[in-house]
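Topology and contacts: notes
Given next are the chains, with one letter for each unit.
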Amino acid sequence: MVHSSSRIHRHYAAVVPGFLSDLTGSFSTSSAQNPTVAIMEAAYADAGLDVRYINCEVPAENLSDAVRGAIGMGWLGFNCSIPHKQSILEYLDDVAPSAAIIGAVNTVIIKDGRLTGENTDGQGFVESLRTVSDPAGKQIVIFGAGGAARAIAVESALAGATSITIVNRTVQRGEELAAVVDSQTPASARFLPWTSNFNIPEGTDIAINATSLGFHPNADETLDVDTASFAAGMVVADVVANPPMTRWLQAAEAAGCTPLTGLGMLVNQALVNARLWTGQKLNANVMHHALEQALGI
Ligand code: NDP
């Protein structure tokens, strides 16, 4: 637990034009390819907020110093990505219930010297999913059992999905995630081994790629799934945001499914983060535009 005696207390209503911005940002390594800074700064500026988002290269052994620095400088909060999503837990005073189930935090809010951890990866995904389908009452298949898959599985279950099926290359990781969702959320969950030319089970409403397959520069890679098992009307989503229309989504669209790119997850997660830090609802369209420009798509 880290405390600060020099916390700067300010409120948005009290902000007057000046030379001191409120600070937010990200701690990760490697950080150079993370486009979140472009989204956040564009949306803060659009909303007329004097807030900055600083993308920081923070290796594992420097996390403690970075957290102390953020507190000492009065940051509103920060994102943490690879490799800090679990190691950040020891610095937190409170952890939001869904982040506790997921076992990882990607957003920290600093208020009155107290650090609260949230996981907005899954919340961002569910917000994005709701633009095409409400997860409530749905049967969902998730490929992958890493950080993104854990967050999506838990938040979809908490949003009312009836059943979650985890399909993962590494059996133990997949079984563990299915057990967590089954025992700690209202949804029922099971693990299925990822057999060759995998058949998406009949009755699936939503199929999600939560692996890193297809991510730039490996856009030629795709999931070992029989595309004949895509049923027309199914929602097929991807966490990969670059390129947005992955081979997985192209195949789904060709089969009459509704494709959902990873761009919406990224933007909605940023919207949730900004709301947690500033209390303001930023403009999603501005974020989408900034993201597309940043990624050159
Ligand atoms: P992790 O390393 O935690 O997990 C990776 C997952 O991908 C594991 O389930 C792994 O399986 C699986 N995987 C990797 N390679 C293969 C392969 N060749 N065949 C089958 N499965 C494979 O990564 P994250 O969960 O943090 O990230 C996953 C993806 O999600 C990344 O591309 C990331 O960019 C994206 N992401 C997107 C976000 C957005 O806002 N759009 C937010 C967060 C992440 P195994 O367990 O067997 O190793």
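Residues numbered from 1 in each chain as written. Predicted model: local features only at pLDDT ≥ 70, side-chain atom pairs only at ≥ 80, totals over all residues. Heavy atoms only, no water.

**What about the side chain of Ser128?**
This is how the line gets drawn: Numbering of helices and strands runs from the N terminus, with a helix taken as a DSSP run of H or I at least four residues long and a strand as a DSSP run of E at least two residues long. It only takes one pair of heavy atoms within 4.5 Å for two residues to be counted as in contact.
Here Ser128 lies in helix H4 (residues 120–129). Aside from chain neighbours lying at most four places away, what touches Ser128 is Leu260, Gly264, Met265 and Asn268.

**Section: the pairing of strand E7 (residues 139–143)**
As a reminder, the rule being used: Categorising residues by exposure relies on relative accessible area from a 1.4 Å probe, with only protein chains included: less than 20% of the type maximum marks a residue as buried, more than 50% marks it as exposed, and the intermediate range marks it as partly exposed. Any two strands between which DSSP finds at least two bridges are classified as paired. Assignment of crossover handedness uses the view with strands pointing away from the viewer, where a clockwise path from the first strand over the helix to the second indicates a right-handed crossover.
Counted residue by residue, E7 has four buried out of five residues, so it is predominantly covered. With five bridges joining them, E7 and strand E8 (residues 163–168) adopt parallel strand pairing. Following the sheet pairing, Val141 is matched in E8 by Thr165. In this fold, the crossover linking E7 to E8 by way of helix H5 (residues 147–158) has right-handed handedness. Pairing of E7 with strand E10 (residues 206–209), which is carried by four bridges, proceeds in the parallel orientation. When the bridges of E10 are listed, Phe143 appears paired with Asn209.

**Quick look at the site of the ligand**
Convention followed: One heavy atom within 4 Å of a molecule or strand is enough for the residue carrying it to be called near that molecule or strand. The definition of a polar contact used here is a pair of N or O atoms within 3.5 Å, where within protein one atom must be able to donate a hydrogen and the other to accept one, and adjacent residues in sequence count solely through side-chain atom pairs. Here the accessible surface of atoms and residues is derived via Shrake-Rupley with a 1.4 Å probe, and residues count as covered only by protein chains that are part of the display.
Inspection of the region around the ligand gives 21 residues, with Ala148, Asn168, Thr170, Arg173 and Val239 positioned closest. Within the backbone of Gly146, a nitrogen or oxygen atom sits 3.5 Å from an oxygen atom of the ligand. At 3.0 Å, a backbone N or O of Gly147 approaches an oxygen atom of the ligand. For the ligand, the accessible surface in isolation is 930 Å², of which the surrounding protein chains cover 75%. Of all elements in the fold, only H5 and helix H8 (263–278) reach the threshold of two or more residues within the shell around the ligand.

**Concerning the sheet that holds strand E6 (residues 114–118)**
The following threshold applies: Fitted lines through C-alpha atoms serve as axes, helices being fitted only where they are in contact, and the angles separating the N-to-C directions of these axes extend from 0 to 180 degrees.
Here six strands make up an open sheet; going across it, the order is E2-E1-E3-E5-E6-E4 and the pairing mixed. The two strands at the open ends of the sheet, each matched to only one other strand, are strand E2 (51–57) and strand E4 (94–95). Examined bridge by bridge, E4 and E6 share two bridges and lie parallel to one another. Counted as the bridge partner of Val95 is Gly117 from E6. Sheet strands touched by helix H1 (residues 36–46): strand E1 (22–28), E2 and strand E3 (77–80). Its angle to E2, the strand with the most contacts, is close to 170°. Where helix H2 (residues 63–72) meets the sheet, its contacts fall on E1, E3, strand E5 (107–111) and E6, and the angle it forms with E1 comes to roughly 175°.

**With respect to the nonpolar core**
Let me state the cut-off plainly: Put simply, buried Ala, Val, Leu, Ile, Met, Phe, Trp, Tyr and Cys residues joined by side-chain atoms within 4.5 Å make one nonpolar core. By convention here, the domain bounds are inherited from an automatic or database domain assignment.
Within the largest apolar cluster, 34 residues are counted, with the highest numbers of intra-cluster contacts made by Phe125, Ile142, Ile152, Ile164, Ile166, Val181 and Ile208. Per-element accounting of this core gives the leading share, six residues, to H5. Mapping this core onto the domain boundaries places at least three of its residues in each of domain 1 (2–119 + 265–295) and domain 2 (123–261).

**With respect to H2**
This is how the line gets drawn: The directions considered for the arc run from the helix axis to the C-beta atoms.
Looking only at H2, the buried set comprises Leu63, Ala66, Val67, Ala70 and Ile71. The buried side chains of H2 occupy one side of the element, clustering within an arc of 135° when seen end-on. Tucked inside the fold, the buried residues of H2 contact E1, E3, E5 and E6. Immediately downstream of H2, the backbone of Gly74 shows phi near 75°, a positive value.

**Considerations on H4**
Summarising burial for H4: nine of the ten residues are buried, a large majority. Thr120, Asp121, Gly122, Gln123, Gly124, Phe125, Val126, Ser128 and Leu129 are the residues of H4 that are buried. N-capping of H4 is provided by Asn119, with a side-chain oxygen placed 3.1 Å from the backbone N of Asp121.

**Some points on the domain arrangement of the chain**
Heads up, the condition is: Throughout, buried area stands for the accessible area (probe radius 1.4 Å) lost by two parts on being put together, summed over both. What counts as a salt bridge is simple: a side-chain nitrogen of Lys or Arg found within 4 Å of a carboxyl oxygen of Asp or Glu.
What the domain assignment reports for the chain is domain 1 (2–119 + 265–295) and domain 2 (123–261). Averaged C-alpha coordinates put domain 1 and domain 2 at centres separated by 27 Å. Taken together, the contacts link eleven residues of domain 1 with 17 residues of domain 2. Buried area between domain 1 and domain 2, both sides added, is near 1300 Å², and the carbon and sulfur share of it is 64%. For domain 1, the biggest contributors to the area lost against domain 2 are Ile101, Ile102 and Met265; these three give 53% of the whole. Our count for the domain 1 to domain 2 interface comes out at zero salt bridges.

**Overview of the pattern of salt bridges**
Taken as a whole and judged by the stated rule, the model has four salt bridges. Of the charged contacts, one joins Arg52 and Glu41 as a salt bridge, the two residues approaching to 2.8 Å between their closest N and O atoms. Pair noted here: Arg52 is in strand E2 and Glu41 is in helix H1, with a separation of eleven residues, a long-range link. Residue classification places Arg52 among the partly exposed positions, given a relative accessible area of 38%.

**Digging into the sheet that holds strand E12 (residues 258–260)**
Within a sheet, neighbouring strands are paired by backbone hydrogen bonds and run either parallel or antiparallel to one another. What the six strands build is an open sheet, ordered E9-E8-E7-E10-E11-E12; its pairing is parallel. This sheet does not close on itself; its edge strands, each paired only once, are strand E9 (188–193) and E12. When strand polarity is set aside, the average angle formed by the axes of neighbouring strands in this sheet is 20°. Both E10 and strand E11 (residues 235–238) contribute to a ladder of four bridges, which runs parallel. Within E11, the position partnered with Ile206 by the bridge is Val235.

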